[in-house]
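Structural characterization, general
So the chains spell out like this:
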Amino acid sequence: MTTAFFLCLLALFALAAIGTPIALSMIVAAIVYLFVRGQDPGLAAEQIIQGLYDSFVLLAVPLFIVAANIMNAGTISERLLSFCVAVVGRFRGGLGHVNIVASLIFSGMSGSAVADAAGIGKIIIEMMTKSRYAPGYAAAITAASATIGPIIPPSIPMVIYALVSDQSIGYLFLGGILPGLMMGAVLMAMNSYLATRRQFALEDPVPLSKLPRLTVNAFPALLMPAILLYGIYGGVTTPTEAAAVAAAYALILAALFYRALTWKNLYAILSASARSSAAVGLVIGGALIFNYIVASENIPGKVAGALVGMDVDPLLFLLAINVLFLLLGCILDATTLILVVVPLFIPACRQLGIDLVHFGVVIIVNTMIGLITPPYGILLFVINAVTGIKLSAIIREIWTFLAVLILALLIMILVPDVVLWLPRQFGYQG
């Protein structure tokens, strides 16, 4: 590695250490590299832009963000929660189960953990605290269940991973379904255990006679994941077109069917979506510039060559990479990890015969766990900001949920069929 690259890394870490946004840190560090190497920034920019011309997949990111924000508006979230309360709210720790099931359903609409936590999560936390659940517990289970959002399709992190790994978004989406359901199952098991141990009160069950009406009210919203998946796997739409369909369906549902969207609300939704998309776009731009430098230094090739030369066992490599990502997830956000760190190891995975769909889903689950891992844990800060619950109370309760999610991650690593069985049913040959 050259002196220019070491200076680039020094600039990156120095800027990040003083609180500079990671996107700007990467851009400035890249400029330092190009200046020291005497390269023309315009030439590097041209190569990056040329590479983006065929990356229509990136259009899915703002469209899924718009769809998630619309689904959070109006009465859609409340209708889904009422349906979940009727189905699983009758058991001990029922509202905890409602929280997890609602996240499983909403994950099929948003593709964003933050959208899940800040939207439907805020509502269910208020319900739980009114029912005398400890605020820290309500916030912790909400943060943990929100990590399912980007695992079950659609998934913004999977779209970004597809960009850097050149894998099929459709197969990645399929690969996330069983792991997402497993995450929901282990969280519900832990909630049941804690509810019994702490003697949480039983909620008044919703009469079964009301279930058909609640199902009808929620049914149009419940159809959205089905429409999305049928469009992709039925060959009707590409994943990018499916994102547009999801946004359009959410808009029609909120505005015309439920009549819960005003022009003022729509303007606020589009403004918030534009800001979120711009923030993600800036990170993507910074990461692509940084990846140009990494490619120029041939670092992925050197890593792959070194690993093959040492005859590293693929399973040990996969376990080591996941430990590294769990540590990095404590201090870096998921988008940065996927865009900057993942490309370093993709050539090594190919050399070692590790399936890239399996690798991608496992790493995305790993980065989602990072969202609730102290001290960074962005979801913990999001919930603290929208609810006012003390961060110390949330952190005190998060560890048990963190433990079962890591257990689920370990199962996904050791048993690749948890990820790959469903894609193979649809023709995946990896």
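Bear in mind the structure is a predicted one, so any value in this text is a computation, not a measurement.

1. As for the overall build of the chain
The number of helices and strands found in the chain is 21 helices and zero strands. Relative to a compact globule of 430 residues, whose C-alpha radius of gyration would be 22 Å, the chain shows 22 Å and is just as compact. Dimensions of the chain, computed from C-alpha atoms along their principal axes, come out at roughly 70 × 45 × 45 Å. Residue burial in the chain is summarised as follows: out of 430 residues, 54% are buried. Of the contacts made within the chain by residues no fewer than 6 positions apart, 80% connect residues no fewer than 24 positions apart. On the chain, roughly 18,200 Å² of surface is accessible, and the fraction owed to carbon and sulfur atoms is 68%.

2. Observations regarding the pattern of salt bridges
Going through the model one piece at a time under the given rule, you end up with two salt bridges. For E397, the salt bridge goes to R198, with nearest N and O atoms at 3.1 Å. Pair noted here: E397 is in helix α20 (residues 391-414) and R198 is in the loop between α11 (169-197) and α12 (211-233), with a separation of 199 residues, a long-range link. Judged by relative accessible area, R198 falls into the partly exposed class, the value being 39%. Residue R424 pairs with D417 through a salt bridge whose shortest N-O separation is 2.9 Å. Owing to a relative accessible area of 41%, D417 belongs among the partly exposed residues under this scheme.

3. With respect to empty space enclosed by the protein
Following the criterion strictly, the structure yields one cavity of 30 Å³ or more and no others. In this structure, the largest cavity spans a volume of roughly 30 Å³. Every residue along the wall of the largest cavity is listed here: M224, I227, L228, A242, V245, A246 and Y249. Sorting the residues of the lining of the largest cavity by element identifies α12 and α13 (239-257) as the ones contributing at least two each. For the lining of the largest cavity, the class distribution of residues is seven nonpolar, no polar and no charged.

4. Overview of the packing of helix α16 (residues 314-328) against helix α17 (residues 334-352)
Axis separation between α16 and α17 bottoms out at 11 Å; the angle between their running directions is 175°. The orientation of α16 with respect to α17, classified from their angle, is roughly antiparallel. Counting all contacts with α16, which are made through P314, F317, I321, L324, F325 and L328, the residues of α17 involved are L337, V341, V342, F345, A348, C349 and L352. Residue composition of the contact of α16 with α17, grouped by class: 13 nonpolar, no polar and no charged.

5. A short note on unusual backbone geometry
Negative phi is the rule for most residues except glycine; trans is the rule for most peptide bonds. Positive phi, close to 60°, is recorded for D166, a residue that is not glycine. Structurally, D166 can be placed in the loop between α10 (156-165) and α11. Looking at D166, the relative accessible area reads 68%, which means it is exposed. Within the chain, Q199 stands out as a residue other than glycine whose phi angle is a positive 55°. Residue position: Q199 is located in the loop between α11 and α12.

6. Remarks on the environment of T196
Locating T196 in the fold gives a position in helix α11. Considered as a pair, T196 and R92 are 104 residues apart in the sequence and their alpha carbons are 7.1 Å apart.

7. Here we look at helix α14 (residues 263-296)
Helix length check: α14 (34 residues) gives 49 Å between terminal C-alpha atoms against 50 Å at 1.5 Å per residue, within 8%. Backbone geometry just downstream of α14 places N298 in the positive-phi region, at approximately 55°.

Cut-offs applied
- Residues numbered from 1 in each chain as written.
- Predicted model: local features only at pLDDT ≥ 70, side-chain atom pairs only at ≥ 80, totals over all residues.
- Heavy atoms only, no water.
- Helix = DSSP H or I, 4+ residues; strand = E, 2+ residues; numbered from the N terminus.
- Rg over C-alpha atoms; globule rule 2.2 N^0.38 Å.
- Buried < 20%, exposed > 50% of the residue type's maximum accessible area, 1.4 Å probe, protein only.
- Contact = heavy atoms within 4.5 Å.
- Areas by Shrake-Rupley, 256 points an atom, 1.4 Å probe, with all protein chains shown as cover.
- Salt bridge = Lys/Arg side-chain N within 4 Å of Asp/Glu carboxyl O.
- 1 Å grid on protein atoms, 1.4 Å probe; cavity = no way out; pocket = protein on both sides within 12 Å on 5 of 7 lines; lining within 4 Å.
- Points joined across faces, edges and corners; volume = space filled by probe spheres on them.
- Nonpolar A, V, L, I, M, F, W, Y, C, P; charged D, E, K, R; others polar.
- Axes fitted to C-alpha atoms, helices over the stretch in contact; angles between N-to-C directions.
- Parallel < 35°, antiparallel > 145°, perpendicular 65-115°, else oblique.
- Expected span 1.5 Å × (residues − 1).

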